[in-house]
Amino acid sequence: MREHGKAEHANDPVPAPKIIEEPELDASLFRRKLMTWYRSHARELPWRGVNDPYRTWVSEVMLQQTRVAAVIEHYERFLQRFPSMLALALAPEPEVLAAWSGLGYYRRARMLHRAAKFVTSELGGVLPDTSTALRTLPGIGEYTAAAIASIAFGESIAVVDGNVERVLLRLTGLPEENSATARAFVREQAAMLVPRRRVAPQHNAAGDHNQAMMELGATICLPRSPLCLHCPVYSMCKTRGEHLTQPRVVQRSQPAAYLLSLRKSGTATEVLLEQRDAKASLMAGMYELPPLPQDALEGREPILRLRHSITNTNYYVQVFAARGPQDRGLRKAVPAAKADLHWTRTSKLNSVPLTGLARKVLQRLDVMAVQPLQMPDESIAESSQARF
DNA sequence: AACCCGTGGAA
DNA sequence: TTTCCAAGGGT
């Protein structure tokens, strides 16, 4: 079970799950209320109403543990770069990672790529159309299989993500609990609510219902301060927005420092990057600015400070510039092996698998242009030449 | 089953 | 400043 909830309840004892003796949810009434609300309140999202299962798949993988706003920033650009299953399958992995840069959980991109290659070579390039078959592909777990099967293919199967779980726990009054039985209960409730079959061939009831459940959790039944007065199923809800939650992991803070070193190569500008170890657990093989030890920083002023969070750690990052050939001090302080350091043309940074932090720093310092989304009519987007 | 994997907006 | 946690999956 994902962790989310209310701090004020974090230390309360979690009572044992009680057997539900109360009358069950009226599934039919619930569905009607939910869908009436959804039809007038659904957000317009780039992956809504698409007919291409490949696109649905990409959106669902991007959305795993990732906010809608973050996905919106990458979805269209990723699909412009890899418009089809085949295009993705034929691409080199670093290109895929480069397009994924900033989204995090880079294993998702690697698995998506691997699955695309498998579907292309073994399944004739056709994505399986059942949740059971989808489930066997790398990067497609229980949630994603059900999401693609219901949304893209109309299969009657319920999704259970963090939103659906929270909605159902509040609706039924079951406390958040990290146990197989609690999870099974939630899955049961979700399955009970999903429409059994298509009303009409064109109308995807299960897919719409699943998206409506998630939409309700994402926009009304919020983790903190739920908007119960706007909830379409308020009258059917046991808790009206309160439910016990599990304690959270404590956050940590840590300083970090990186080197920005630029040089000219003819008319081009190059930036010094370091490739992370291929066996690193975190962002293996990706590129970042060379990290600097804290003791190399005395008496120097950073050209940029920012916060960067990774899992449970807030990094307070400082970036230091090596200005010109005379400043060898900082360069000498880089502990990396020479083999891991690479002078990279700033004009090519968009196809380098940068870590999210490296990308953020390089863009903020105008070393790397923020690539504009190419519009259908536009002949050629402005070149991404850096200003240095 | 418990743990690991990224990120950043919002409060 | 620190905390919270998002359309999870793999091991």
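Quantities reported herein were computed from a predicted structural model and do not represent experimental measurements.

> I'd like a description of the overall build of chain A, backed by residues and values.
If you tally the helices and strands in chain A, you get 13 helices and 6 strands. Looking at chain A as a whole, 47% of its 388 residues qualify as buried. Long-range contacts, defined as pairs at least 24 residues apart, comprise 69% of the intrachain contacts of chain A with a sequence gap of at least 6. A total accessible area of about 20,500 Å² is found for chain A, and carbon and sulfur atoms account for 52% of it.

> Lay out the protein's contact with DNA strand B with the relevant residues and their values.
Residues in contact with DNA strand B amount to 21 residues; listed here are only the nearest, Tyr105, Ser281, Ser309, Thr311 and Gly356. Backbone atoms, meaning sugar and phosphate, make up 48% of the atoms of DNA strand B lying within 4 Å of the protein. Residue histidine 308 places a side-chain N or O atom 3.0 Å away from a phosphate oxygen belonging to DNA strand B. Elements supplying a minimum of two residues to the surface near DNA strand B: helix H6 (106-122), strand S4 (304-310) and helix H13 (356-364). In terms of residues, the surface near DNA strand B owes the most to one element, S4, which gives 4 residues. A class-by-class count of the residues in the surface near DNA strand B yields 7 nonpolar, 10 polar and 4 charged.

> Describe the packing of aromatic side chains, listing the residues and the values that go with them.
Following the criterion strictly, the structure yields 4 aromatic pairs and no others. Summarising the aromatic geometry, the rings of tyrosine 54 and tryptophan 57 are spaced 6.3 Å apart at their centres and angled 75° between planes, so their arrangement reads as edge-to-face. Of this pair, tyrosine 54 and tryptophan 57 are both found in helix H2 (residues 53-62), 3 residues apart, which corresponds to roughly one turn of the helix. For tyrosine 54, a relative accessible area of 4% corresponds to the buried category. Judged by its relative accessible area of 0%, tryptophan 57 falls in the buried class. One aromatic cluster is present, formed by Phe78, Phe82 and Trp100 through successive ring pairs. Arginine 240 extends its terminal NZ or CZ atom over the ring of tyrosine 234, reaching a point 4.0 Å from the ring centre.

> Help me get a handle on the packing of helix H1 (residues 27-41) against helix H11 (residues 205-219), residues and values and all.
Close contact between H1 and H11 brings their axes to 9 Å; oriented N to C, the two are set at 75°. One element, H1, and the other, H11, form an angle in the roughly perpendicular class. Along the contact surface, H1 presents Phe30, Arg31, Leu34, Met35, Trp37, Tyr38 and His41, while H11 presents Asp208, His209, Gln211, Ala212, Met213, Glu215, Leu216 and Thr219. Here the residues of the contact of H1 with H11 are counted per class, giving 8 nonpolar, 4 polar and 3 charged.

> Give a detailed account of helix H3 (residues 68-81), specifying residues and quantitative values.
Compared with the 20 Å implied by 1.5 Å per residue over 14 residues, the 20 Å span of H3 between its first and last C-alpha is a close match. Buried-residue contacts for H3 involve H2, helix H4 (85-90), helix H5 (93-100) and H6.

> Mind laying out helix H8 (residues 142-153), listing which residues take part and the relevant values?
Helix length check: H8 (12 residues) gives 16 Å between terminal C-alpha atoms against 16 Å at 1.5 Å per residue, within 8%. Among the 12 residues that make up H8, 9 are buried, leaving the element largely enclosed by the rest of the structure. Taken together, the buried positions of H8 are occupied by Tyr143, Thr144, Ala145, Ala146, Ala147, Ile148, Ala149, Ser150 and Ile151. Turning to H8, the residues buried within the fold contact H2, helix H7 (131-134) and H11.

> An account of the pattern of salt bridges is needed here, citing residue identities and associated values.
Throughout the structure, instances matching the rule amount to 10 salt bridges. A salt bridge links arginine 276 to glutamate 288, with the shortest nitrogen-to-oxygen separation between them at 3.2 Å. In this pair, arginine 276 sits in the loop between strand S2 (268-275) and strand S3 (287-288) while glutamate 288 sits in strand S3, placing the two residues 12 residues apart along the sequence.

> Give a detailed account of unusual backbone geometry, specifying residues and quantitative values.
Positioned with a positive phi, serine 225 is a non-glycine residue whose angle comes to about 50°. A positive phi angle, near 55°, is found at arginine 240, a position not held by glycine. The partly exposed category is assigned to arginine 240, whose relative accessible area is 35%.

Cut-offs used in this document
- Residues numbered from 1 in each chain as written.
- Chains lettered and ligands numbered in written order.
- Predicted model: local features only at pLDDT ≥ 70, side-chain atom pairs only at ≥ 80, totals over all residues.
- Heavy atoms only, no water.
- Helix = DSSP H or I, 4+ residues; strand = E, 2+ residues; numbered from the N terminus.
- Buried < 20%, exposed > 50% of the residue type's maximum accessible area, 1.4 Å probe, protein only.
- Contact = heavy atoms within 4.5 Å.
- Areas by Shrake-Rupley, 256 points an atom, 1.4 Å probe, with all protein chains shown as cover.
- Near = heavy atom within 4 Å.
- Polar contact = N/O pair within 3.5 Å; in protein donor to acceptor, adjacent residues only side chain to side chain.
- Nonpolar A, V, L, I, M, F, W, Y, C, P; charged D, E, K, R; others polar.
- Phe/Tyr/Trp six-rings, centres within 6.5 Å; stacked < 30°, edge-to-face > 60°.
- Lys NZ or Arg CZ within 6 Å of the ring centre and 35° of its normal.
- Axes fitted to C-alpha atoms, helices over the stretch in contact; angles between N-to-C directions.
- Parallel < 35°, antiparallel > 145°, perpendicular 65-115°, else oblique.
- Expected span 1.5 Å × (residues − 1).
- Salt bridge = Lys/Arg side-chain N within 4 Å of Asp/Glu carboxyl O.

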